[in-house]
Amino acid sequence: MTKFTLKFILLVFFISSSLNAQDTIALKNGLVTGSTSKGNRSIIYTDPVFYNLITKKDYEPIETDSVGIGRQGEVERWEPLTVNEKGVFKTRKLRGGYLYVTYNSLISEIKILEISGHNEVFVNGIPRGGDVYNKHLTFHPVELLKGKNTFLVKGGRGEVFMQLLSIEKPIALLERDMTNPDFLTTENDTKTGSIRILNSTSKTLRNLRLVSEANGETLETNVSTIIPLSMRKVPYLVKDAYSKKDTVRVKIKLFEGLKLIDETSVLYHVRTPEERYTRTFISKIDGSVQYFSVKEGLIKPGDKPAMFLSLHGANVEAKNQAVQYKAKDWGHVIAPTNRRDYGFNWEDWGRWDAMEVQELAENMYGTDPNRTYLTGHSMGGHGTWHVGATFPSKWAAIVPMSGWYSLFSYANKEALENPTALENMFVRANHASHTLELSRNYLQQGVYIQHGDADDVVPVDQARFMRKHLAEFHPDFAYLEYEDKKHWFGIDFSSIFDYFKWHTIPNNDDVKTFEFRTASPGVSSESRYITLYQQEKLFEFSGVKVTQNVRNEKQIKNDVILRKRHISIETENLKKFKLDIKHTMASDTIEVMVDSVSFNNIASYKKDELWFEKENNTWVLTEKPTSSFEKNPLRYGNFKDAFKNNMVFVYGTKGTQEENQWAINKVRFDAETFYYRGNGSIDIISDKEFSLKKFKDRSVILYGNATTNAAWKLLLSESPVQVKRDEVKVGHKILKGNNYGTYLIYPRKDSKTASVAAISGTGIEGFKAMVPNKYFGSGTDIPDMMIFTPTIYQNGIESIKATGYFGNDWSLENGEIEWQDN
């Protein structure tokens, strides 16, 4: 139950009619226009309504005004729309179109905007996060002006619900959308849950703490900063103590200093290890609480269990994925979340989540790395194709079920034909989503495809295409097409686990040949005994084809056999890589051939690993890199690469009032979006609070420029791209004006792993162009840097001034930047 006057009796599709009318303001009338945007699934798109919002002072839609050309070629105009009998604005025009609503307030005050079904909403021009999947999670504290207030709503799936609520408690706990573990009858330990705190005040909250009471024990957790007019999901500790009941009631109290602010309670489920249960963990991506679900196997004492990593479909929780399985007698089912039930299509943060959970589960349950398997259904079937190809040596076998093989084969994402050099920069930035280009990586694993021939959600053509494609080169794949089966036909089949059982990851010494390809070392870099370290042409596909032959030469005393080992490596677009030879024997004579260059008597180097670098177009043996500053698998770019390593958002306070207000509004909007899309919880601080020591080894997302954000000098003073008020400088080239927006990534020089991403501009016009955050979608990445003007939302790619990649040393001179003069 929320702690303002909204009382939830039943929440099905929207809030029930049992609300106290005097505390709820229904928003019933507005104007609507259909979508006139182009390229909505790309980071580069046009949007005439948003362009008007950021370029016209006090922009206000007017009935019958033309907006642009719609999806069917018709002229879209603003037209009246009234809510239906359920209080919902509903029309096909809201599938990507806009809704404009006004409200006249008698006084200036803070209220709660409850809104769902939208991509984002601009309240008096201020961006706030969306709820496109109608999860009813969005409660935005908003400052209403005396007089007219405007709400410009970007539609999602065709319907929007919105109302204004009075505030009962300015600081409140929200019970909905908690991320909590299960208690286990066999465990006596401290676990971690998370709960949302709503800050409906105009002050930053700094002195909060949560106190939990469970199983007779009280635990206290300090709460991180919560900025004004925002919500944050925060962790709390809770005690599990060999609970025997079916449920345990956990009391949670919120204190500000010594003052009790709010309290609530929640029932924790108590599970036995034989049941499906849920564990939580603190993610290394953002410090948020995430969960995964487990269906333990019935493992005999002393046996090392296998792992079956199972990826769920869209609108399916990981706990509901795991419960579909019966216990196996030789391994555990582990179901990660993709960060949300829709999440990121198991790409980007979804892919990171899958691998974070795989590593955690392997360490926690002691599973056999050589018997680790991957499967998934629907969106999880796509995730199986994608994660299976991205990290091929992790899996003995994969089973994609009812899934699409690529974003470009299913999500109406059109691949550019004959792209210009500048367009190709964005193609390369998103190569990680081009799963088909990595398909020869499947040679490292068994592949078993399952699909229903009557699937009305993901066409069976997706599976049939991959059957035909794999048949051209893969000797170990199986295909099962269920007759008259639609999208869902189950996931727990003995045929799948029999197929898994037939496959084990072989030891490196037994592998005669393998292939490995990657979009970049920053996405995936390791396969068996090869590590791809740097590329020649950044973010073009890179790879190796490795052949290993071992021949016994002669036998000497003490049964030592002298062997001759020849390793041949064919490379693609590589600058530097590592060959690990730990799998060889000390008595081996090792010869290595890289492309056409031979290296004899490698064993004489007496090293476990060998480094090769291409110099003057030929391969040479080199030393292990000593500089962590250069691009490497731990931080390689592009822009999204900074959004991990327990990232922290830092907003500027040194600009004009309008610039500072943009920064706090934008940072709140990004945090709200990442919360909704990725169950995230971001530390947000001002530049005055930032220090290198306090936030050591954490990636930083910096909002502002060198003039407006004091942290720029600490973090980006040596960046080859410098942005300040009225100027952006790229090397020796300078662009003047206040209308340039800039994306930028650069390494933290005081860290081996962390990066800095700047969301920047040369002035308020440039800052306004930076408001959208499409980078939180999958397949929407950005190169290392990008400079553009607000007209991008009118003219598209023509308004990009420059984009591209820094070199492996993060320089312009060794990089590749494309300029566009227009």
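Everything quoted here is computed from the prediction, not taken from an experiment. (Residues numbered from 1 in each chain as written. Predicted model: local features only at pLDDT ≥ 70, side-chain atom pairs only at ≥ 80, totals over all residues. Heavy atoms only, no water.)

## Re the layout of surface pockets
Moving on, step 1. The space that makes up the second largest pocket amounts to roughly 1800 Å³.
Moving on, step 2. Put simply, the parts of the chain that give the lining of the second largest pocket at least two residues each are strand E22 (277-282), helix H3 (349-365), strand E31 (526-527), strand E32 (530-535) and strand E38 (609-615).
Moving on, step 3. It is H3 that contributes the most residues to the lining of the second largest pocket, 8 residues altogether.
Moving on, step 4. Tallied by class, residues from the lining of the second largest pocket come to 17 nonpolar, 18 polar and 14 charged. (1 Å grid on protein atoms, 1.4 Å probe; cavity = no way out; pocket = protein on both sides within 12 Å on 5 of 7 lines; lining within 4 Å. Points joined across faces, edges and corners; volume = space filled by probe spheres on them. Helix = DSSP H or I, 4+ residues; strand = E, 2+ residues; numbered from the N terminus. Nonpolar A, V, L, I, M, F, W, Y, C, P; charged D, E, K, R; others polar.)

## Describing the pattern of salt bridges
Moving on, step 1. Counted according to the given criterion, the structure contains 52 salt bridges.
Moving on, step 2. Its salt-bridge partner being Lys93, residue Glu76 comes within 2.9 Å of it at the nearest N-O pair. Highlighted residues: Glu76 in strand E4 (residues 75-77) and Lys93 in the loop between strand E6 (89-90) and strand E7 (98-105), separated in sequence by 17 residues.
Moving on, step 3. Under the relative-accessibility criterion, Glu76 is labelled buried at 4%.
Moving on, step 4. For Lys93, a relative accessible area of 22% gives the class partly exposed.
Moving on, step 5. Note that Arg698 and Asp683 form a salt bridge whose closest N and O atoms lie 2.8 Å from each other. (Salt bridge = Lys/Arg side-chain N within 4 Å of Asp/Glu carboxyl O. Buried < 20%, exposed > 50% of the residue type's maximum accessible area, 1.4 Å probe, protein only.)

## Some points on the packing of aromatic side chains
Moving on, step 1. Counted by the stated rule, this structure contains 52 aromatic pairs.
Moving on, step 2. Aromatic side chains Phe599 and Phe612 sit 5.1 Å apart centroid to centroid with 70° between the ring planes, which places their arrangement in the edge-to-face category. Of this pair, Phe599 sits in strand E37 (residues 597-599) while Phe612 sits in strand E38, and the two are 13 residues apart along the sequence. Taken individually, Phe599 and Phe612 each receive the classification buried, so the pair is uniform in this respect.
Moving on, step 3. Seen from their ring centres, Phe674 and Phe776 are 5.5 Å apart, and the 40° between their planes marks the pair as tilted. Here Phe674, found in helix H9 (residues 657-678), pairs with Phe776, found in the loop between helix H11 (764-769) and strand E48 (785-788); they are 102 residues apart in sequence, far enough to count as distant.
Moving on, step 4. The exposure class of Phe776 is buried, given its relative accessible area of 1%.
Moving on, step 5. An aromatic cluster is defined as three or more aromatic residues linked by ring pairs; in this entry it consists of Phe344, Trp349, Trp352, Phe639, Phe643, Phe649, Phe674, Tyr703, Tyr743, Tyr775, Phe776 and Phe788. (Phe/Tyr/Trp six-rings, centres within 6.5 Å; stacked < 30°, edge-to-face > 60°.)

## A word on the nonpolar core
Moving on, step 1. In terms of nonpolar packing, the biggest core is built from 86 residues, with Phe643 and Phe649 touching the most fellow members.
Moving on, step 2. With 7 residues, H9 is the single largest residue contributor to this core.
Moving on, step 3. When sequence neighbours within four positions are dropped, the list of residues in contact with Phe649 reads Phe643, Val667, Asp670, Ala671, Ile682, Asp683, Ile684, Ile685, Ile701 and Tyr703.
Moving on, step 4. With 39 residues, the next largest nonpolar core counts Met355, Leu407, Val458 and Met466 among its residues. (Core = buried A, V, L, I, M, F, W, Y, C linked by side-chain atoms within 4.5 Å. Contact = heavy atoms within 4.5 Å.)

## A few points about empty space enclosed by the protein
Moving on, step 1. All chains considered together, the criterion is met by 6 cavities of 30 Å³ or more.
Moving on, step 2. Computed from the structure, the largest cavity encloses a volume of approximately 230 Å³.
Moving on, step 3. Lining the largest cavity are 22 residues, with Asp348, Arg351, Val523, Asn638 and Asp781 positioned closest to its centre.
Moving on, step 4. Elements with a contribution of two residues or more to the lining of the largest cavity: H3 and helix H6 (421-429).
Moving on, step 5. Per-element tally for the lining of the largest cavity: the top contributor is H3, with 3 residues.
Moving on, step 6. Looking at the lining of the second largest cavity, the elements that each hand over two or more residues are strand E19 (230-241) and H9.

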